[in-house]
Amino acid sequence: MRLIGGMNFLSDTTAPAHPAILDALTHANQGFASSYGADPVSAGVKTQLCEIFETDLEVVFTVSGTASNALALSVLCPPDAMVLCHDEAHIHRDERGAPEFFTRGAKLLPLAGSHAKIAPEALSDALKQWPSDFVHATPPAVLSLSQLNESGCAYTLDELESLIGLAKARDLNIHMDGARFSNALVSLGCTPAEMTWKAGVDILSLGATKNGAMASEAVILFPSARDRLPQLLANQKRAGLMLPKMRYVSAQMAAWLKDDLWLDLARTANAAAKRLSEGLSAVDGAELVHPTHGNEVFIRLEDALAARLREAGAGFYSWPDGSARFVASWCTTDADISALLDAAG
Ligand SMILES: Cc1ncc(COP(=O)(O)O)c(C=O)c1O
């Protein structure tokens, strides 16, 4: 199947939706169904997710990663407390203050670490500098980790254990921004449970949109956070994010999860990114700036090389750190990568 052609590496959000998603919408479009997420399709996805994550969880559907993150943080962080995240975190840099807005004023504290991974020393320093029992200090309440992160890297299970261990020792809640969760999951080759609640994650923002859905995201509350569901639903309603015809959002996720489609699509995208990363970094004038763990490649290109690629029709973004970002998606083909590498010479 060829839905788009050429070398479009701008973002996985520029990719079309997978045909199975559109079929699911047509299938869901039959007859009447209860509103606001009380429909059988949404209930079915909850059952699927409980099986996949091997636990008794709660799920609330949204249509953007920003909404998922903001809603998740709204029930994890009090207004007078603080979310610790990486300096590159999407919640810090790219959500126009939505987490602060939804938490009614909580503070975000950006932390350092290479490749957009929080360094354990940066976290322990911050925990030392911000005591919970000093009335003048804003107490840390949440650690938010992006998996896959903003530099296209995945935390290993050991890295998750060490960061979450430090945070839990101070009773912090753990949020995982999984806008590209599936790409990280197939990269690590672990189970969804191992990468989340077994590692101590309380709430996961699970994204399907970047990996084949049209608009389908979920906030997943693991058993440690299930009691926050009523407040989460209240906040979802209050924000105007409780869609009346929610079945169309959950139907996308049902199809995405069915028969491991989500994992297959992530494997395709990751494999394309790996080939692009290896091929392009072997070219004169190109230097990889972050390891490629998922479907994103960050690479510094000499001006002449970047211009040559753009002239050949390649689409990619110039990143603020001076690198070029190439994103592969579920529908990136071998031919797309070959064309790019041929153009690179
Ligand atoms: C790490 C990460 N989190 C969350 C998001 C959510 O984005 P959106 O609100 O555009 O769906 C993105 C989008 O690029 C992202 O890269």
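What counts, and where the lines are drawn
- Residues numbered from 1 in each chain as written.
- Predicted model: local features only at pLDDT ≥ 70, side-chain atom pairs only at ≥ 80, totals over all residues.
- Heavy atoms only, no water.
- Phe/Tyr/Trp six-rings, centres within 6.5 Å; stacked < 30°, edge-to-face > 60°.
- Helix = DSSP H or I, 4+ residues; strand = E, 2+ residues; numbered from the N terminus.
- Buried < 20%, exposed > 50% of the residue type's maximum accessible area, 1.4 Å probe, protein only.
- Axes fitted to C-alpha atoms, helices over the stretch in contact; angles between N-to-C directions.
- Parallel < 35°, antiparallel > 145°, perpendicular 65-115°, else oblique.
- Contact = heavy atoms within 4.5 Å.
- Nonpolar A, V, L, I, M, F, W, Y, C, P; charged D, E, K, R; others polar.
- Domains from an automatic or database assignment.
- Buried area = accessible area lost by both parts, 1.4 Å probe.
- Salt bridge = Lys/Arg side-chain N within 4 Å of Asp/Glu carboxyl O.
- Polar contact = N/O pair within 3.5 Å; in protein donor to acceptor, adjacent residues only side chain to side chain.

Looking at this structure, I do not really get the packing of aromatic side chains. What am I missing?
The geometry of an aromatic ring pair is captured by the separation of the ring centres together with the interplanar angle, meaning the angle of the planes. In the structure shown here, the tally under the stated rule is 7 aromatic pairs. Ring centres 5.5 Å apart and planes at 55° place the aromatic pair phenylalanine 53 and phenylalanine 222 in the tilted group. Of this pair, phenylalanine 53 sits in the loop between helix H2 (40–52) and strand E1 (58–62) while phenylalanine 222 sits in the loop between strand E7 (217–221) and helix H9 (229–238), and the two are 169 residues apart along the sequence. The exposure classification of phenylalanine 53 matches that of phenylalanine 222, with both residues buried.

I'm lost on the packing of helix H8 (residues 181–188) against helix H11 (residues 261–281) in this one. Help?
Packed helices, taken two at a time, are described by the angle between their axes plus the distance between the axes. The geometry of H8 relative to H11 is characterised by a closest axis approach of 8 Å and an angle of 80° between their N-to-C directions. Classed by the angle they form, the pair H8 and H11 counts as roughly perpendicular. Within the contact between the two elements, H8 uses Phe181, Ser182, Asn183, Leu185, Val186 and Ser187 and H11 uses Trp262, Leu263, Ala266, Arg267, Ala269 and Asn270. Class assignment of the residues belonging to the contact of H8 with H11 gives a composition of 7 nonpolar, 4 polar and 1 charged.

Help me out: how do you make sense of the domain arrangement of the protein in this one?
Interface extent is often summarised as the accessible area lost during association of the parts. Partitioning the protein into structural domains gives domain 1 (4–15 + 261–344) and domain 2 (19–260). Spacing between the C-alpha centres of domain 1 and domain 2 amounts to 27 Å. On the domain 2 side, the residues contacting the 23 residues of domain 1 number 29 residues. The junction of domain 1 with domain 2 conceals about 2100 Å² of combined surface from both sides, 57% of it contributed by carbon and sulfur atoms. When residues of domain 1 are sorted by the area they lose upon contact with domain 2, Leu261, Trp262 and His293 head the list and together hold 37% of the total. The tally of links between domain 1 and domain 2 comes to 2 salt bridges. One salt bridge in this structure joins arginine 180 and aspartate 12, with 2.7 Å as the shortest N-O distance. Applying the counting rule to domain 1 against domain 2 returns 14 residue pairs in polar contact (both at pLDDT 80 or more).

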